[in-house]
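Coordinate analysis (summary)
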Amino acid sequence: MTVTIYVPGDSGALALGAEKVAKAIEAEISARGLDARIVRNGSRGMFWLEPMVEVSTAEGRVAYGPVKARDVPGLLDAGLLSGGAHRLALGDPEKIPFLARQTRLTFARVGITDPLSLEDYRAHDGLRGLEKAVAMAPADIVRQVTDSGLRGRGGAGFPTGIKWNTVLNAVSDRKYIVCNADEGDSATFADRMIMEGDPFVLIEGMAIAGIATGATKGFIYIRSEYPHAVASMRRAVEIARRAGILGVSVLGSAYAFDMEVRVGAGAYVCGEETSLLNSLEGKRGVVRAKPPLPAIQGLFGKPTVINNVISLASVPIIMDRGSDFYKDFGMGRSRGTIPIQIAGNVKHGGLYETAFGLTLGEIVDGIGGGTASGRPVKAVQVGGPLGAYFPRSLFDTPFDYEEFAKRDGLIGHAGLTVFDDTADMLKMARFAMEFCAIESCGKCTPCRIGSTRGVEVIDRIASGMEPEKNRALVTDLCNTMKFGSLCALGGFTPYPVMSALTHFPEDFKPAPVREAAE
Amino acid sequence: MAMQPAGTDIERRTASVIADMKGLEGPLLPILHQLQDEFGYVPAQSLPVIAEALRMSRAEVHGVVTFYHDYRRQPAGRHVLKLCQAEACQSMGSDRIAEKVKQALGIGFHETARDGSVTLEPVYCLGLCACSPSAMLDGEVIGRVDDETIEEIVEAVRT
């Protein structure tokens, strides 16, 4: 029987040499005349073990990692095809504690299946949600999503079902589903992993959204920095169309739904929903004032559901298993699971899907295992470039939308960047302002001008010029940006700046004092 | 009747790209991406052709081209090296990596080597944040960039 060997095709694994490993295995298979085939699966999300090669044996999957191309002949000598013993052997991948402790709902198939095999997708419970949805009334689908408690995973945390309901009730000749796959936040890669590792789940989620709201056309707007995700989504859409999942009759029903993949052009601000809509329309990615809400007047002025990748990819399991099943995970008003992305200077970096409620300390120290450098953790930025820096003293904060807000932070798209004690928080605050200045769309003054002034004022603090006065000035400027900006770029840049200033005041002391202290 | 479009080679090729894409909803970004694929940059000569075909003003088209970081106004070097400078990569020393690369190549960010071998650019996140610092060379992703990787990259772009 042909043995299946899995070598991830995920960008993270590719960045660590998976392509060379796959080629080496292929060469050995043919040189040794073995009966084996290679499947390019998604990543299991344990990046310190990538490239992680798995083999399907009679006793289940056996993993090896991190594998380098030069390890391949030795692995085959050791009996890779039957799961033989080797110094890189990890055993059953699902028993590795990092994976065993997760609750994988949205990421249930990622790393297990061939991302572009519909047969695999169906064999692992795929399309069940859509099959149920085509037999339901649109309002009932929307109710089920609302009852699940699913909130927008892009960062804002707005209830997905309520957004859908607005679009359902809007009267129009044409409606759209737009998937925001402009995942520009540093420390986040969950959207990318879904698109590369299980693209059909996103297609299924978008088709359900279309049926639920009366939209017949979808767009997936993927950032250009993700060429592999673009390629896999494009191929998956083609396959889904040929299989009748997309098209004039979704799964043979009376509903029509089709979609296109569109590529961004390197503007961070296009992750903001109204700016993304302008970009899709072929305009400058400038933010629109709200109201009108996109749900009423969105793409080309038509009612539009705009949701993040993870929100849409979580819908199929909610339709398949029911709203109660999903809602039973989590805490408070944060229901279900969240794919936490642990990144930066961390020993065990990767994707960890779990119910809401773990504390920041459990995630960083327990799951992440502390820093990669082995030095103490100084700060953790939660929620990307617009998220706050948390010191160790706030490590008891539970991972929950409201709990993070109470501590002047946000969970955003659930990415965590760990910094060790060599990090200079003044420099990080300056970078936040600088990044905002580079990426500002220019529409509103607090963001466009405020960010540049912010860099200048922080530079003055760094050089020891009237530090007290300038610290007060930064605080005042942040206040203006927070309440006066049109969107989250200018509005949330104060989070990293103020949290750095508040929690790490020693880094903002004037230069002469700082030097004297060293 | 087949019409032979008049004008320069760039204008003719631009018209052909537009003809392929014009049926899309919101065709401008796909057209610009395709032009950049075709020419390696978005030629100034293409803009009036686009403006006329999409019934936009030249100023509007110019505004869109200049808004997005991706669109080049002139050709890049033979290789394009992007170094991630976002927070996760900073936490793993991307500043130091960038300095070393700049020194080795003799150019700064947004510059092209005099021999046309390589263009160096910063990028803000490649989604490889659990294997920082990261880079992208001619579309290929590279994780955990270290001194050895820098040497390999410099070697690769010089050939």
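Residues numbered from 1 in each chain as written. Chains lettered and ligands numbered in written order. Predicted model: local features only at pLDDT ≥ 70, side-chain atom pairs only at ≥ 80, totals over all residues.

On to the overall build of chain B, then. When helices and strands are tallied, chain B shows 7 helices and 5 strands. Going residue by residue from the N terminus, the α and β elements of chain B occur as α-α-α-α-β-α-α-β-β-β-β-α. Here the C-alpha coordinates of chain B stretch approximately 60 × 30 × 25 Å along the principal axes. Burial analysis of chain B (159 residues in total) assigns 39% to the buried set. For chain B, long-range pairs separated by at least 24 residues make up 57% of all intrachain contacts whose partners lie at least 6 apart in sequence. (Helix = DSSP H or I, 4+ residues; strand = E, 2+ residues; numbered from the N terminus. Buried ≥ 20, exposed ≤ 12 C-beta atoms within 10 Å, placed from the backbone. Contact = placed C-beta atoms within 7 Å.)

Across its full length, chain A carries 22 helices and 16 strands. By the compact-globule yardstick of 24 Å for 518 residues, chain A fits well, its C-alpha radius of gyration being 24 Å. Dimensions of chain A, computed from the C-alpha atoms along their principal axes, are close to 75 × 60 × 40 Å. Here chain A, with 518 residues, has 58% of them falling under the buried criterion. Taking contacts inside chain A between residues at least 6 apart in sequence as the whole, the part at least 24 apart equals 73%. (Rg over C-alpha atoms; globule rule 2.2 N^0.38 Å.)

Turning our eyes to something else, we now look at unusual backbone geometry. The amide bond that connects Gly65(A) to the next residue, Pro66(A), takes the cis arrangement and shows omega of -10°. Along the chain, Pro66(A) falls in the loop between β4 (60–64) and α3 (72–77). The omega torsion across Pro291(A) and Pro292(A) is 5°, close enough to zero to call that bond cis. Checked against the element boundaries, Pro292(A) lands in the loop between α12 (273–280) and β9 (304–308). Within the chain, Asp138(B) stands out as a residue other than glycine whose phi angle is a positive 50°. Secondary-structure assignment places Asp138(B) in the loop between β4 (135–137) and β5 (140–142). Asp138(B) gets classed as exposed once you count the C-beta atoms within 10 Å, which come to 12.

Residues and elements named next belong to chain A. With 213 residues, the main nonpolar core has Val178, Cys179 and Ile222 as its most contacted residues. If you tally residues by element for this core, the top one is helix α10 (residues 199–213), at 10 residues. In contact with Ile222, other than residues within four places in its own chain, are Ala181, Met195, Ala229, Val230, Met233, Val261, Val263 and Gly264. (Core = buried A, V, L, I, M, F, W, Y, C linked by C-beta atoms within 7 Å.)

According to the domain assignment, chain A contains domain 1 (3–100), domain 2 (118–327), domain 3 (330–420) and domain 4 (425–517). On a C-alpha basis, the centres of domain 1 of chain A and domain 4 of chain A stand 46 Å from each other. (Domains from an automatic or database assignment.)

In this assembly, 46 residues from chain A lie in contact with 34 residues from chain B. Elements that contribute at least two residues to the side of chain A that touches chain B include exactly α1 (11–15), β8 (258–263), α12, β12 (337–344) and β16 (415–420) of chain A.

It is worth spelling out the sheet that holds strand β15 (residues 389–391) of chain A at this point. In a beta sheet, neighbouring strands are held together by backbone hydrogen bonds and run either parallel or antiparallel to one another. All names here are of chain A. Read across the open sheet, the 5 strands follow the order β13-β12-β16-β14-β15; overall the sheet is mixed. Both outer strands of the open sheet, β13 (350–355) and β15, are each paired with one neighbouring strand and no more. Along the sheet, successive strands turn relative to each other by an average axial angle of 30°, direction set aside. Examined bridge by bridge, β12 and β13 share 6 bridges and lie antiparallel to one another. Residue pairing across strands places Ile340 opposite Tyr352, the latter belonging to β13. (Pairing = 2+ DSSP bridges. Axes fitted to C-alpha atoms, helices over the stretch in contact; angles between N-to-C directions.)

This part takes up the domain arrangement of chain B. Examined at the domain level, chain B breaks down into domain 1 (9–67) and domain 2 (79–158). Between domain 1 of chain B and domain 2 of chain B, the C-alpha centre-to-centre distance is 30 Å.

A few words now on the confidence of the model for chain B. Here chain B averages 95 in pLDDT, and 96% of its residues register 70 or above. With pTM at 0.96, the complex prediction returns an ipTM value of 0.95. (pLDDT = per-residue confidence, 0-100.)

Moving on: helix α3 (residues 46–53) of chain B. Every α-helix winds through 3.6 residues per turn, so residues three or four apart in the chain are directed the same way. All names here are of chain B. What α3 keeps buried is the set Ser46, Leu47, Val49 and Ile50. The buried residues of α3 occupy an angular sector of 160° when the element is viewed end-on, so they sit on one face. Residues of α3 that are buried in the fold lie against α1 (9–21), α2 (28–39) and α4 (58–67). Backbone geometry just downstream of α3 places Arg55 in the positive-phi region, at approximately 55°. (Arc of directions from axis to C-beta.)

This paragraph deals with the environment of Ser451(A). Structurally, Ser451(A) can be placed in helix α18 (residues 445–462). Setting aside residues up to four positions removed in sequence, Ser451(A) forms contacts with Met433(A), Cys436(A), Ala437(A), Ser440(A), Gly490(A) and Thr493(A).

Residues and elements named next belong to chain A. Bridge analysis of strand β1 (residues 3–6) against strand β2 (residues 36–39) gives 4 bridges, and the strand direction is parallel. Of the residues in β2, the one forming a bridge with Val3 is Ala36. Two strands pair when backbone bridges link them, and β1 and strand β3 (residues 53–57) are joined in this way by 2 bridges, in the antiparallel orientation. When the sheet's bridge partners are listed, Ile5 is paired in β3 with Val55.

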